[in-house]
2 protein chains.
Amino acid sequence: MAIERRPLREQIRDELMLRLGRGDFAADTDINEAALAGELGVSRTPLREALITLAGEGVLQSNQGRGFRFAPVSRQEFRELCDIVAALEALALRRSDPAYLERAAPQLLRLAEEFTADVAERQHIEHHDDEWHDLLLGGCTNERLLDLITSVKAGMRRYTHLLSGETTLMERAAEEHRRIAERLMAGDLEGAAEALRDNWVNGMERMISQLP
Amino acid sequence: MAIERRPLREQIRDELMLRLGRGDFAADTDINEAALAGELGVSRTPLREALITLAGEGVLQSNQGRGFRFAPVSRQEFRELCDIVAALEALALRRSDPAYLERAAPQLLRLAEEFTADVAERQHIEHHDDEWHDLLLGGCTNERLLDLITSVKAGMRRYTHLLSGETTLMERAAEEHRRIAERLMAGDLEGAAEALRDNWVNGMERMISQLP
DNA sequence: ACTATGAATTTTGAATACAAAATATTACAT
DNA sequence: ATGTAATATTTTGTATTCAAAATTCATAGT
């Protein structure tokens, strides 16, 4: 058996992202390092390392002498992030192995259709959406780009949980996923990339109307 | 007078990037934390924080139990990075305030021409190039995008110092800078964005031929 | 009652100490 | 001489301690 041995800072980072996704942390609120470390059962050192990592990804802000806090949310920033991810994912799609896309297209289409029917709770849906995008970009040959997308998406996690299970949003998204998959089935990469951009831009506008 | 008070980790990060730009660190070599901390006159704690930040930016790799090392260079990764920065800077240009670009265009053109004449040493040229791109994107309204570009470019710093003062490379770059500025003078944003992409793609191919 | 000033407390930032893992060295056997 | 096992040393990963900054609280003055 291969026992897991990862640095604590990474495990902590993951745990914090999980809690963030559950909406455990109020935005724009200071983090008490000692309290959080105690709660997680670790010392402040690896916790601070995780916090610094998250600050680098834009999830947290750090102020000299005042420690870390979850960055405040704003429609403006959400727009900026969507704009970035749209461009990056479109690029990733264009840099993907065509053979991979051909293979993945039917599966992507099937998942998009399952998605429409799925009436599971919000968190499950989010996971489903992430998985779909991962599958879509699984054939991208630019490793650095994939890492970057993961990192930028982490910064968006502060927003996703704010959008309480609006099933209409999700159904629209599923529809767009299907459009993307269909373009891929037709071998129309450029069309798929365009549809992918639309997916982000539309999703953005839909979601923004739900924010504070 | 406003005295500067930044966290040590940031100052250390900047110093390490400076040294990296000077070629002080051999790529693919382990970093000895105690030794480096001693050299910098700080303790291991803020040094490690800086190292973790740099690892997040892709400048360093970290391996469990083996610490940090400067990531190895490869043509493949350099291509990936150029591809990403090209897309991001083009996006930033498209998201810039047109009024700003109109104002900046003459200055960009002038700088590009000075650049051609400039026969200063490599490091100075690099700085000049950075400044030019900063001025070019200074009107971008997407703050997150600008941060991201800075971060990705940091990851490229490992490569720039490998390209020993090839003046022909620089002259070609200056020519392309002029082309971009000219498009902006003509109010042709899309043409400028295209020229910017070309600048990166051509620069990449030119540089790659110089790498190990 | 409200503000301003200063001490007490809390919290972060940085250094040091300790534990565990990895690397290097030595001793030994083939 | 070469390879392997045991041990010593180094180095990282984590915890703890200390110092400095920020915050809170109390008190005095208006």
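Up top is the structure these notes are about.
On a predicted model such as this, the values are computed, not experimentally measured, just so you know. (Residues numbered from 1 in each chain as written. Chains lettered and ligands numbered in written order. Predicted model: local features only at pLDDT ≥ 70, side-chain atom pairs only at ≥ 80, totals over all residues. Heavy atoms only, no water.)

A. Looking closely at the overall build of chain A. Counting secondary structure elements, chain A contains nine helices and two strands. In sequence order, the secondary structure elements of chain A are arranged as α-α-α-β-β-α-α-α-α-α-α. Against the globule reference of 17 Å for 212 residues, chain A gives a C-alpha radius of gyration of 18 Å, in line with a compact fold. Each principal axis of the C-alpha distribution contributes one length, and for chain A these read about 55 × 45 × 30 Å. The buried share of chain A, reckoned over its 212 residues, is 47%. Carbon and sulfur atoms make up 49% of the accessible area of chain A, which amounts to about 10,300 Å² in all. (Helix = DSSP H or I, 4+ residues; strand = E, 2+ residues; numbered from the N terminus. Rg over C-alpha atoms; globule rule 2.2 N^0.38 Å. Buried < 20%, exposed > 50% of the residue type's maximum accessible area, 1.4 Å probe, protein only. Areas by Shrake-Rupley, 256 points an atom, 1.4 Å probe, with all protein chains shown as cover.)

B. Representation of the relation of the copies chain B and chain A within the structure. Rotating chain B by 180° and translating it 0.0 Å along the rotation axis places it on chain A, where the RMSD comes to 0.0 Å. The superposition of one copy onto the other is thereby described by a two-fold rotation axis. (Least-squares fit on C-alpha atoms with pLDDT ≥ 70 in both.)

C. The protein's contact with DNA strand D, seen in detail. Near DNA strand D there are 19 residues, and of these S43 and T45 of chain A together with I31, R44 and R48 of chain B occur at the shortest range. Here DNA strand D approaches the protein such that, of its atoms within 4 Å, sugar and phosphate make up 70%. Contacts to DNA strand D include R5 of chain B, whose side-chain N or O atom sits 3.4 Å from a sugar or linking oxygen. Listed by contribution, the elements that provide at least two residues to the surface near DNA strand D are α3 (44-56) of chain A together with α3 (44-56) of chain B. Of the residues assigned to the surface near DNA strand D, the class counts are five nonpolar, eight polar and six charged. (Near = heavy atom within 4 Å. Polar contact = N/O pair within 3.5 Å; in protein donor to acceptor, adjacent residues only side chain to side chain. Nonpolar A, V, L, I, M, F, W, Y, C, P; charged D, E, K, R; others polar.)

D. Representation of the environment of G203 of chain B in the model. Residues and elements named next belong to chain B. Along the chain, G203 turns up in helix α9 (residues 189-208). Judged by relative accessible area, G203 falls into the buried class, the value being 10%. The sequence separation of G203 and C140 amounts to 63 residues, and the corresponding C-alpha distance is 23 Å.

E. Spotlight on the environment of A86 of chain B. Residues and elements named next belong to chain B. Positionally, A86 belongs in helix α4 (residues 75-94). What makes A86 buried here is its relative accessible area of 0%. For the pair A86 and R13, spaced 73 residues apart in the sequence, the C-alpha separation amounts to 25 Å.

F. Highlighting the protein's contact with DNA strand C. Residues in close proximity to DNA strand C total 19 residues, the closest being I31, R44 and R48 of chain A together with S43 and T45 of chain B. Near the protein, meaning within 4 Å, the atoms of DNA strand C are sugar or phosphate in a fraction of 67%, with bases accounting for the rest. Within the backbone of E33 of chain A, one N or O atom sits 3.5 Å away from a phosphate oxygen of DNA strand C. Elements that contribute at least two residues to the surface near DNA strand C include exactly α3 of chain A together with α3 of chain B.

G. Summary view of the packing of aromatic side chains. Across all of its chains, the model carries four aromatic pairs over all chains by this definition. Judged by centre distance (4.6 Å) and plane angle (20°), the ring pair of F25 of chain A and F70 of chain A falls under stacked. One end of the pair, F25 of chain A, is in the loop between α1 (8-21) and α2 (33-40); the other, F70 of chain A, is in strand β2 (residues 67-70), with 45 residues separating them in the sequence. Seen from their ring centres, F78 of chain B and Y159 of chain B are 4.9 Å apart, and the 40° between their planes marks the pair as tilted. One end of the pair, F78 of chain B, is in helix α4; the other, Y159 of chain B, is in helix α7 (residues 143-160), with 81 residues separating them in the sequence. The exposure classification of F78 of chain B matches that of Y159 of chain B, with both residues buried. (Phe/Tyr/Trp six-rings, centres within 6.5 Å; stacked < 30°, edge-to-face > 60°.)

H. Local environment of unusual backbone geometry. One non-glycine residue, D28 of chain A, lies in positive phi territory at about 65°. Along the chain, D28 of chain A turns up in the loop between α1 and α2.

I. Focus on the nonpolar core. Grouped together as the largest cluster of nonpolar side chains are 86 residues, with contacts concentrated most on L88 and L136 of chain A together with L88 and L136 of chain B. Residues within four places of L88 of chain A in sequence aside, it is in contact with L145, L148, I149 and V152 of chain A together with L88 and L148 of chain B. (Core = buried A, V, L, I, M, F, W, Y, C linked by side-chain atoms within 4.5 Å. Contact = heavy atoms within 4.5 Å.)

J. Just the interface of chain B and chain A, in detail. Contact residues are listed per partner, giving 32 residues for chain B and 32 residues for chain A. Taken together, the two surfaces of chain B and chain A that pack against each other cover about 2,600 Å², and 50% of this comes from carbon and sulfur. Among the residues chain B hides against chain A, the three largest losses belong to I52, Q64 and R144 of chain B. Together they make up 25% of the total. Viewed at the interface, chain A and chain B are joined by six salt bridges. With a shortest N-O distance of 3.3 Å, R48 of chain A and E49 of chain B are connected by a salt bridge. The interface formed by chain B and chain A holds 18 residue pairs in polar contact (both at pLDDT 80 or more) in total. With nine residues, the single largest contributor to the side of chain B that touches chain A is α4 of chain B. Looking at side-chain class alone, the side of chain B that touches chain A contains 11 nonpolar, seven polar and 14 charged residues. (Buried area = accessible area lost by both parts, 1.4 Å probe. Salt bridge = Lys/Arg side-chain N within 4 Å of Asp/Glu carboxyl O.)

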